[in-house]
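Reading the structure
Listed below, chain by chain, are the residues.
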Amino acid sequence: MSLIGAGQLESRLRAIGNTSGLMRQLAITVVAEQKRLVPRKTGNLGRSIHVERVTSTSANVVASANYAAYTEFGTRPHTILPRSKKALRFAPSGTGRLTGSPRKGGPVIFAKRVRHPGTRGMHWAQRGAEAAIGKGQLADVVIGLWNGAA
């Protein structure tokens, strides 16, 4: 049994060839888009985004900051308890400082527990990957290689 058109299929797949360069370029574009969309409080999260691995069929882009997943997917409501002290110390939202000395941004609050309401995910990684695919015209490149093969 033989596949009709197998010869043409093989020649077109050879024409597409080693796509690792294409995947690397796509990964670099993903990194740039994600860095553009990531929240910037200290810049640490953006600096942690990098290309981890590229093959001819896939590319892994990683954000290695330990809190990257929390900013991407959000958090559920949760209780925060002190780890090594008897109370938590913080300045309320809007005072501008987490260290919260009374002279530099408002009153300091001490609490035995805080019920955090959770946060919404920002989905910067997903949106960055989707934007990169749109900008990279990946489909157009593959179709062009495919159609250019005899």
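So, here is what we can say about the structure in this document. No experiment lies behind these values; they were computed from the predicted model shown.

**Things to note about the environment of Phe-73**
- Note that Phe-73 resides in helix H4 (residues 68-73).
- According to the relative accessible area criterion, Phe-73 is exposed, its value standing at 59%.
- Along the backbone, Phe-73 and Gln-126 are 53 residues apart, and their C-alpha atoms lie at a distance of 10.0 Å.
- Not counting the four nearest positions on each side in its chain, Phe-73 is found in contact with Gly-121 and His-123.

**Examining the environment of Lys-35**
- Examined against the element boundaries, Lys-35 turns out to sit in helix H2 (residues 20-37).
- Using a relative accessible area of 33% as the deciding quantity, one classes Lys-35 as partly exposed.
- The contacts of Lys-35, once residues within four sequence positions are left out, are Arg-40, Gly-46 and Ile-49.

**What to know about the nonpolar core**
- In this structure, Val-31, Leu-37, Val-38, Leu-45, Ile-49, Ala-65, Ala-68, Trp-124 and Ala-125 together form the largest nonpolar core, which totals nine residues.
- Elements that contribute at least two residues to this core include exactly H2 and helix H5 (124-136).
- For Val-31, the residues in contact, after removing those within four places along its chain, are Ile-49, His-50, Val-51 and Val-61.

**Side note on unusual backbone geometry**
- The backbone of His-123 sits at a positive phi, close to 55 degrees, despite the residue not being glycine.
- Topologically, His-123 is positioned in the loop between strand S8 (119-120) and H5.
- Assessed through its relative accessible area of 34%, His-123 is described here as partly exposed.

Definitions and cut-offs
- Residues numbered from 1 in each chain as written.
- Predicted model: local features only at pLDDT ≥ 70, side-chain atom pairs only at ≥ 80, totals over all residues.
- Heavy atoms only, no water.
- Helix = DSSP H or I, 4+ residues; strand = E, 2+ residues; numbered from the N terminus.
- Buried < 20%, exposed > 50% of the residue type's maximum accessible area, 1.4 Å probe, protein only.
- Contact = heavy atoms within 4.5 Å.
- Core = buried A, V, L, I, M, F, W, Y, C linked by side-chain atoms within 4.5 Å.

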